[in-house]
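Okay, here's what each chain looks like letter by letter:
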Amino acid sequence: MSELMSDREIDRSKMKVSDEVAIEITNMNKWYGTFHVLRDINLTVNQGERIVIAGPSGSGKSTLIRCINRLEEHQEGSIVVDGTELTSDLKNIDKIRSEVGMCFQHFNLFPHLTILENCTLAPIWVRKTPRKEAEETAMHFLEKVKIPDQALKYPGQLSGGQQQRVAIARSLCMRPRIMLFDEPTSALDPEMIKEVLDTMIELAEEGMTMLCVTHEMGFARQVANRVIFMDQGQIVEQNEPEEFFNNPKSDRTKLFLSQILGH
Amino acid sequence: MSDTSFVRTEMLPEKDPPATSVGAIGWARANLFDGWFNSVLTILSLAFIWYVLAGVIPWVFQSVWNATSLTECREIMSETWGSTHGHACWGVINDRWLQLLYGFYPPYPVTPDVNAGDGTGMLPAYFRPNLAFVLLLVAISPVLFTNLPRKLLIVSAAYPFLMPWLMWGGSIWGPVMVAAGFGIGFLAYRIVNPLAGSLTAIIAAIFVPIIWWLTLAGPVAGVLEGIVSISIPEVESRRFGGFMLSILIGVVAIGCSLPIGIFLALGRQSDLLIVKSLCVGFIEFIRGVPLITLLFVASVLLNIFLPPGTEFDIILRVLIMVTLFAAAYMAEVIRGGLAALPKGQYEGADSLGLNYWQAQRLIIMPQALKISIPGIVSTFIGVFKDTTLVSIIGLLDPLGLSNAIRADAAWNGIYWELFAFIAVLFFVFCFSMSRYSMYLERKLHTGH
Ligand SMILES: Nc1ncnc2c1ncn2[C@@H]1O[C@H](COP(=O)(O)OP(=O)(O)O)[C@@H](O)[C@H]1O
Ligand SMILES: [Mg+2]
């Protein structure tokens, strides 16, 4: 795994964790058929927290964060996002989805729409923002992720790193309070990983609440205020990054870290 | 000394490719005479093409255009070329082309209770079907070519109601009331949605208009006609025929089968068990029976089931059957497109908070339809050609007319010329559809 460290100092002035709870998961269980994929998950995320979720492949990391915006349905326990509980009520689901942004491993941009249209679609149709205003917002965020000049191209004409940054901008256009990332850099060539991580660091610096599934341990050390280690559908260990990396408690964590850091 | 080390001191200049690999000679060598086997095949193919053209070209061009019967044709052929063999008699087309195009549609329709002399009025012959055809081109052009002014879409929206009025005539209020049904359905959806949720609203949006059409639409149209009378002479369905009929059935079936097919394909993927089973049942039933059976049902059986005395227009019945038939195939073609979309597209749409219909309309369908273009257009072409089957239940499409024309003593025994003419006309339409689909695929290609 690459140990990419950002070359610049991180501005921590706005990275404040508030007391307000953003996500509260209590005794949550999920099954795929008879397969118990998430077991008794308890997790509280405060507004402004930056959490990195790590763990071996198949441990349920993706499933966990996909439950937070109901791309997957949980069967037991409760998930409360921003004060709204996730039930099968479609209104709640749409409300939560429009407040929680998500970036995927394979970007999931809409290939038949231009970059600008990708970014304005949800604000126009979900938030009912006037087109002009939505376009201004979109350009603002595209500038932020440093690709305003690609606005009229199609996703298929961009590199992977650029596409992932567009995906981030597309989520930001909905002005989310929470961002979820599911391995945003693992489908990218090494030279593109840094540009995406830099964008994510900038987001963290602005105080965004973030949950990232990632293997970028450099990013975790620099940005996260908590690292969660999952294995076999359970949260095995969670700690501040320094403690987590330098002084892991559980054997599973030690084994995982030794594999991923190549010691 | 090792000679594995090498440093180029001078860069090589660009050279022209050898003459044998470019230009006409290069092309022929690479594509036609590449080895003795290909060369033999090329020569054999050329000989075959020559043989076919040597027969067809004189038949088409050394032909008789001005004759009023097959006997006259043969006489002219014997006089001119000394034989009746190998020459076409296009006289039949010259003589009957209006019939082949319009069937028995009156060139100047008149109101039955008006004695309008010979009916020749201010308007040119076949004004109404011709206008309907021109308007058809205007109505589909903004749909086919997105760079045309969007205002033309008003014509497209009005066309489904205007066309039947132009073709069958009668009071304008009938089509207006049918159109009003759609407005009423939309209103019903808008009113019910906040009160009872979207599923109930969709059901209301389907059934309220149907009730309107079955009960109130007729009387209301009658009353309005009594107040402001806007009507044109009626033309009966049995007078429809020729290419006009093929195009009419083809256009209606093509135009209606696409939206119905989309809903069937979505219904087939639905989580609602009843919706899903209804759609699967419908699709599998329709695909399991030949179109001709459905047409027989339309022409004969429906009369048995409908209450006696019900007037249910034969063309309307055929239109419904052909449309349903095409829709079932369309649904499967579109389902293929839906299946080809990566799951990530649904997730991308969901994660942004788009609801089901928004996701379908803005994200899923545009891509699924794009993937399915070749299949959709093949279905269109198939449906258009299948319209010739209506001749079997007695409608006078071009094939039905060719039989009628042969039944006339003057043209008894003429086959090739009629079929060639019909084939050419069908080919023009089908080939245009095929070319358009290729244009569309190129235009919608957004990746690398
Ligand atoms: N849709 C699904 N149906 C059945 N099993 C699934 C499904 N998605 C994931 N799984 C299984 O659930 C487990 C956890 O998957 P996932 O959350 O994707 O793991 P991770 O992201 O940590 O690699 C894996 O064993 C995977 O095979
Ligand atoms: Mg995963």
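Note that the structure is a prediction, hence the values are computed from the model and not measured.

Visitor: Sorry if this is basic, but what is going on with the overall build of chain B here?
Guide: Of regular secondary structure, chain B possesses 15 helices and two strands. For 448 residues, the compact-globule estimate of 2.2 N^0.38 gives 22 Å, and chain B exceeds it by more than 25% at 29 Å. For the C-alpha atoms alone, the extent of chain B along its principal axes is close to 105 × 80 × 45 Å. Residue burial in chain B is summarised as follows: out of 448 residues, 36% are buried. A separation of at least 24 residues holds for 70% of the contacts in chain B among residues at least 6 apart in sequence.

Visitor: I would appreciate a short explanation of the pattern of salt bridges in the present structure.
Guide: Proximity of charged atoms lets side chains of opposite charge pair with each other. Residues and elements named next belong to chain B. Overall, the coordinates contain 23 salt bridges over all chains when judged by the stated rule. Residues Glu-332 and Arg-287 are paired through a salt bridge, measuring 3.7 Å at the closest nitrogen-oxygen approach. Of this pair, Glu-332 sits in helix α11 (residues 314-340) while Arg-287 sits in helix α9 (residues 273-288); the two residues are 45 residues apart in sequence, bridging distant segments of the chain. For the salt bridge of Glu-347 with Lys-343, the shortest nitrogen-to-oxygen distance reads 3.2 Å. Pair noted here: Glu-347 and Lys-343 are both in helix α12 (residues 343-351), with a separation of four residues, about one helical turn. Using a relative accessible area of 12% as the deciding quantity, one classes Glu-347 as buried. When salt bridges with common partners are traced through the structure, they connect Arg-268, Glu-284, Arg-287, Glu-332 and Arg-335 into a single cluster.

Visitor: Explanation requested: the site of ligand 1 in the structure shown.
Guide: All names here are of chain A. Close to ligand 1 lie Tyr-32, Phe-35, Val-37, Pro-56, Ser-57, Gly-58, Ser-59, Gly-60, Lys-61, Ser-62 and Thr-63, which account for all nearby residues. Tyr-32 places a polar side-chain atom, nitrogen or oxygen, 3.4 Å from a nitrogen atom of ligand 1. Within the backbone of Gly-58, a nitrogen or oxygen atom sits 2.7 Å from an oxygen atom of ligand 1. Within the complex, the protein chains bury 60% of what would otherwise be the 560 Å² of accessible surface of ligand 1. Listed by contribution, the elements that provide at least two residues to the shell around ligand 1 are β2 (35-46) and α1 (61-68). Here the shell around ligand 1 takes three residues from α1, the largest share from any one element. Considered class by class, the residues forming the shell around ligand 1 number four nonpolar, six polar and one charged.

Visitor: Would you explain the sheet that holds strand β4 (residues 76-81) of chain A in this entry?
Guide: In sheet architecture, strand pairing relies on hydrogen bonds along the backbone and comes in two forms, parallel and antiparallel. Residues and elements named next belong to chain A. Strand order across the open sheet formed by four strands is β2-β1-β4-β5, with antiparallel pairing between neighbours. This sheet does not close on itself; its edge strands, each paired only once, are β2 and β5 (84-85). Sheet analysis places strand β1 (residues 21-32) next to β2, joined by eight bridges and oriented antiparallel. Directly across from Glu-24, in β2, lies its bridge partner Thr-44. Across the sheet, α1 lies against β1, β2 and β4, angled at about 125° from β1, the strand it touches most.

Visitor: Sorry, what's going on with the packing of helix α4 (residues 91-102) of chain B against helix α14 (residues 398-407) of chain B here?
Guide: Think of two packed helices as two axes; the pair is described by the angle between the axes and how far apart they sit. Residues and elements named next belong to chain B. Between α4 and α14, the least distance of the axes is 11 Å, while the angle of their chain directions is 130°. By the angle between their axes, α4 is oblique relative to α14. Crossing handedness for the pair α4 and α14: right-handed. Contacts between α4 and α14 involve Val-92, Arg-96, Gln-99 and Leu-100 from the former and Pro-398, Leu-401 and Ile-405 from the latter. Of the residues in the contact of α4 with α14, the class split is five nonpolar, one polar and one charged.

Visitor: Before we go on, may I ask you to explain α9 of chain B in this structure?
Guide: Because each turn of an α-helix spans 3.6 residues, side chains separated by three or four positions in sequence point in the same direction. Residues and elements named next belong to chain B. Here α9 contains 16 residues, and its C-alpha end-to-end distance of 22 Å stays within 8% of the 22 Å for a straight helix at 1.5 Å per residue. Turning to α9, its buried residues are Cys-279, Ile-283 and Ile-286. Mapping the buried residues of α9 onto a view down its axis gives an arc of 75°, with all of them on the same face. Away from the buried face of α9 by more than 90 degrees, exposed residues Leu-273, Ile-274, Phe-285 and Gly-288 are located. Those residues of α9 hidden inside the fold are in contact with α8 (242-268), α10 (291-305) and α11.

Visitor: Is there a simple way to think about the packing of aromatic side chains in this case?
Guide: Aromatic ring pairs are described here by two measures, namely the spacing of the ring centres and the angle between the planes. Counted under the stated rule, the structure contains 22 aromatic pairs over all chains. Summarising the aromatic geometry, the rings of Tyr-105 of chain B and Phe-240 of chain B are spaced 5.3 Å apart at their centres and angled 75° between planes, so their arrangement reads as edge-to-face. With Tyr-105 of chain B in the loop between α4 and α5 (127-144) and Phe-240 of chain B in the loop between β2 (231-232) and α8, this pair connects stretches of sequence that are 135 residues apart. The exposure classification of Tyr-105 of chain B matches that of Phe-240 of chain B, with both residues buried. When the ring of Phe-325 of chain B is compared with that of Tyr-329 of chain B, the centres are 5.1 Å apart and the planes differ by 50°; the resulting orientation is tilted. Of this pair, Phe-325 of chain B and Tyr-329 of chain B both sit in helix α11, four residues apart, which is roughly one turn of that helix. Overall, the relative accessible area of 10% leaves Phe-325 of chain B in the buried class. An aromatic cluster is present here, built from Phe-243, Phe-384, Phe-426 and Phe-429 of chain B joined pairwise through their rings. In this arrangement the basic side chain of Arg-170 of chain A is found over the ring face of Phe-110 of chain A, its NZ or CZ atom lying 4.5 Å from the centre.

Visitor: Can you walk me through helix α13 (residues 356-386) of chain B in this structure?
Guide: The end-to-end C-alpha separation of α13 of chain B is 35 Å, well short of the 45 Å expected for 31 residues at 1.5 Å each. For α13 of chain B, the side-chain oxygen to backbone nitrogen distance between the N-cap and Trp-357 of chain B is 3.2 Å, and the N-cap itself is Asn-355 of chain B.

Visitor: Before we go on, may I ask you to explain the confidence of the model for chain B in this structure?
Guide: As a general rule, the predicted coordinates of low-pLDDT regions are not to be interpreted in detail. Of all residues in chain B, 96% attain a pLDDT of 70 or more, and the chain-wide mean is 88. Predicted complex, confidence summary: ipTM 0.92, pTM 0.87.

Visitor: Where do I start with the state of the cysteines in this structure?
Guide: Here, disulfide denotes a covalent bond that connects the sulfur atoms of two cysteines. All names here are of chain B. If you walk through the whole model with that rule in mind, you get one disulfide over all chains. Across the disulfide from Cys-73 sits Cys-89; the S-S distance is 1.8 Å. Taking the torsion about the sulfur-sulfur bond, which here is approximately 80°, the covalent link between Cys-73 and Cys-89 counts as right-handed. Taken as a pair, Cys-73 in helix α3 (residues 70-81) and Cys-89 in the loop between α3 and α4 lie far apart in primary sequence, 16 residues in all. We classify Cys-73 as buried; its relative accessible area is 0%. Looking at the unpaired Cys-430, the closest cysteine sulfur is the one in Cys-256, lying at 19 Å.

Parameters and conventions
Residues numbered from 1 in each chain as written. Chains lettered and ligands numbered in written order. Predicted model: local features only at pLDDT ≥ 70, side-chain atom pairs only at ≥ 80, totals over all residues. Heavy atoms only, no water. Helix = DSSP H or I, 4+ residues; strand = E, 2+ residues; numbered from the N terminus. Rg over C-alpha atoms; globule rule 2.2 N^0.38 Å. Buried < 20%, exposed > 50% of the residue type's maximum accessible area, 1.4 Å probe, protein only. Contact = heavy atoms within 4.5 Å. Salt bridge = Lys/Arg side-chain N within 4 Å of Asp/Glu carboxyl O. Near = heavy atom within 4 Å. Polar contact = N/O pair within 3.5 Å; in protein donor to acceptor, adjacent residues only side chain to side chain. Areas by Shrake-Rupley, 256 points an atom, 1.4 Å probe, with all protein chains shown as cover. Nonpolar A, V, L, I, M, F, W, Y, C, P; charged D, E, K, R; others polar. Pairing = 2+ DSSP bridges. Axes fitted to C-alpha atoms, helices over the stretch in contact; angles between N-to-C directions. Parallel < 35°, antiparallel > 145°, perpendicular 65-115°, else oblique. Left-handed = near helix turned anticlockwise from the far one by under 90°. Expected span 1.5 Å × (residues − 1). Arc of directions from axis to C-beta. Phe/Tyr/Trp six-rings, centres within 6.5 Å; stacked < 30°, edge-to-face > 60°. Lys NZ or Arg CZ within 6 Å of the ring centre and 35° of its normal. pLDDT = per-residue confidence, 0-100. Disulfide = S-S within 2.5 Å.

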